[in-house]
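Each chain is listed here by its residues.
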Amino acid sequence: MVQRNFSKQPSYGLFDLHIHVLPGLDDGAGSLMEAVAMLEWAAQSGVRTMVATPHANQRGRFENYLSPQMSRSMEQLQREIHRRGIPIQLLAGMEIYASEDLVERIQQGQLCSMAGSAYYMVEFPPLCPREDVEMLLRQMLRHGFLPLIAHPERYQCVQRNPEVVRIWRGLGCAVQLETGSLLGQFGQNAHRAARWMLDRGQVDVFGSDAHGQKRKTPSMQELWQYLEREVGAPKAKQLLVEQPYRLLSTLPK
């Protein structure tokens, strides 16, 4: 599933670095047709590059370690994209659930990075203590694996003290803000933390975290309009095009 064939120059289409679009692997797209509908909706909203991030390393639920089944799902959806002429480049990634043996599983080749880059998207439990988060982040960094922290604005420790995000980025991590959090779809605490991060330049990339066509949708249009209004078009382009392109271009050591 490792891929390094995304465009060498950033197109000015938008990037979505967090979406559950591979059919039948987790609680996202339930069928190939639903996945295609999600891709078509994303394309209509301006998305041109997308990293599929199925849940992984969730013991007893969505383990989804690298497997022939996962590769087949990715290849099937890419063929359908090509057949239908959907103008989206689909790349492989994972939303990796935090665990004590996460580094070991990366070393064993069970977990993949974001499009073959140096970054691994890692998700923590909403109530995970800050100390536990930082312990795993530091462990990953010591072994040369760069963490991309999934939607930190939804973690209680960040909502209580958003300043920890600045500390994590200072360590060498990147953070992915969720579209719905900034648009107020996950309550005041998540919105407040998301806005704190945006206002202080503590956001690296965005993701829709879409699981279907209802609550978490694959459209990025409303987010673009929000950012254009609140921080201006140049900053919106930086967040939704330039920074995600650079992140996916970061090669492993």
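Quick summary incoming for the structure in this document. (Residues numbered from 1 in each chain as written. Predicted model: local features only at pLDDT ≥ 70, side-chain atom pairs only at ≥ 80, totals over all residues. Heavy atoms only, no water.)

Turning our attention to the nonpolar core. Val21, Phe124, Phe206 and Leu227 are the most contacted members of the largest nonpolar core, which has 87 residues in total. Discounting chain neighbours no more than four positions away, the residues touching Phe206 are Phe15, Asp16, Leu17, Gln176, Leu177, Thr179, Leu182, Met220, Leu223, Leu227, Leu239 and Leu240. (Core = buried A, V, L, I, M, F, W, Y, C linked by side-chain atoms within 4.5 Å. Buried < 20%, exposed > 50% of the residue type's maximum accessible area, 1.4 Å probe, protein only. Contact = heavy atoms within 4.5 Å.)

As for its placement among the helices and strands, Glu230 is situated in helix H9 (residues 221-231). Exposure remark for Glu230: the relative accessible area of 35% places this residue in the partly exposed category. Each C-alpha atom of the pair Glu230 and Val205 lies 16 Å from the other, and the pair is 25 residues apart in sequence. Polar side-chain contacts of Glu230 include one of 3.3 Å to the side chain of Arg229. (Helix = DSSP H or I, 4+ residues; strand = E, 2+ residues; numbered from the N terminus. Polar contact = N/O pair within 3.5 Å; in protein donor to acceptor, adjacent residues only side chain to side chain.)

With that settled, consider the sheet that holds strand S2 (residues 47-52). Taken together, the three strands give an open sheet; going across it, the order is S1-S2-S4, and neighbouring strands pair in parallel fashion. The open sheet terminates on both sides in strands that have one partner only, identified here as strand S1 (14-19) and strand S4 (89-92). Averaged over all neighbouring strand pairs, the angle between strand axes comes to 20 degrees, with direction disregarded. When S1 meets S2, the two strands line up parallel, connected through four bridges. Paired with Phe15 across the strands is Thr49, a residue of S2. (Pairing = 2+ DSSP bridges. Axes fitted to C-alpha atoms, helices over the stretch in contact; angles between N-to-C directions.)

Secondary-structure assignment places Gln243 in helix H10 (residues 233-248). Side chain to side chain, Gln243 and Gln238 meet in a polar contact 2.6 Å long. Other than its neighbours up to four places away in sequence, Gln243 contacts Val203, Asp204, Val205, Lys235 and Gln238.

The next subject is the state of the cysteines. Applying the stated rule across the entire model yields zero disulfides. No disulfide involves Cys128; its sulfur sits 6.9 Å from that of Cys157, the nearest cysteine. (Disulfide = S-S within 2.5 Å.)

Once that is clear, we can look at the pattern of salt bridges. With the rule as written, the count across this model stands at 13 salt bridges. Of the charged contacts, one joins Arg84 and Glu80 as a salt bridge, the two residues approaching to 2.8 Å between their closest N and O atoms. Note that Arg84 and Glu80 are positioned in helix H2 (residues 68-84) at a spacing of four residues, about one turn of the helix. Assessed through its relative accessible area of 36%, Arg84 is described here as partly exposed. Of the residues examined, Glu80 reaches a relative accessible area of 10% and is grouped as buried. Its salt-bridge partner being Arg130, residue Glu134 comes within 2.7 Å of it at the nearest N-O pair. Of this pair, Glu134 and Arg130 both sit in helix H4 (residues 130-142), four residues apart, roughly one helical turn. Salt bridges sharing common partners tie together Arg195, Asp199, Arg229 and Glu230. (Salt bridge = Lys/Arg side-chain N within 4 Å of Asp/Glu carboxyl O.)

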